[in-house]
Amino acid sequence: NAPLDPGTGNQLNLSFGAEFKPTDNFNFDLGYRKSKLTRNDTKLVAFDSNIFQFNSTYQFSRFVNIKARLDYNTLSNRVFGQYTFGWTPSPGKALYIGYNDSYNYKGFAFGQQQTGLLQLNRTFFIKMSYLFRKSF
């Protein structure tokens, strides 16, 4: 008797991907995921989600790289982007500097219908890690 429970249904999950590597240092990944749930009792679609993904990496050297990732979800009409610079000078040591962006595209946000791209949030981050080899 849960009000948000869609009940029993038929679920479809599909996933496709492709990778293109023009050089040893540079690659592109494209991906697509589809999830759909159709209720058995009413034959209505409970949800239908399509996620498009784009990933790219450029490896300057063994230690330095940059990465870019873009996702678009048709269920929430959200575009998500992440851009990261990584430096790993030796095993156990790493530095990552990055930026995230989230947009709503022609969706429903803040109580009203949006007509174009609306930036929802923006995040800059720095992550450092160091492996201590001595036990205390």
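Residues numbered from 1 in each chain as written. Predicted model: local features only at pLDDT ≥ 70, side-chain atom pairs only at ≥ 80, totals over all residues. Heavy atoms only, no water.

Peer 1: Quick one: what's the story with the layout of surface pockets, residue by residue and with numbers?
Peer 2: Estimates place the volume of the largest pocket at around 170 Å³. As for the largest pocket, its lining consists of 13 residues, of which Asn 65, Lys 67, Gln 82, Thr 84 and Tyr 96 are closest to the centre. When contributions to the lining of the largest pocket are tallied by element, the ones reaching two or more residues are strand E3 (45-59), strand E4 (64-73) and strand E5 (78-90). For the lining of the largest pocket, a count of residues per class yields three nonpolar, seven polar and three charged. (1 Å grid on protein atoms, 1.4 Å probe; cavity = no way out; pocket = protein on both sides within 12 Å on 5 of 7 lines; lining within 4 Å. Points joined across faces, edges and corners; volume = space filled by probe spheres on them. Helix = DSSP H or I, 4+ residues; strand = E, 2+ residues; numbered from the N terminus. Nonpolar A, V, L, I, M, F, W, Y, C, P; charged D, E, K, R; others polar.)

Peer 1: Which residues make up the pairing of E4, and what values go with them?
Peer 2: Bridge count for E3 against E4 is nine bridges, and the pairing is antiparallel. Residue pairing across strands places Ile 51 opposite Asn 73, the latter belonging to E4. Here E3 folds back onto E4, and the loop between the two strands holds four residues. Here E4 runs beside E5; their pairing, made up of 10 bridges, is antiparallel. Directly across from Val 64, in E5, lies its bridge partner Trp 87. Hairpin connection, E4 to E5: the antiparallel pair is bridged by four residues, and Asn 77 has positive phi, about 55°. (Pairing = 2+ DSSP bridges.)

Any link to function would need more than the numbers given here.
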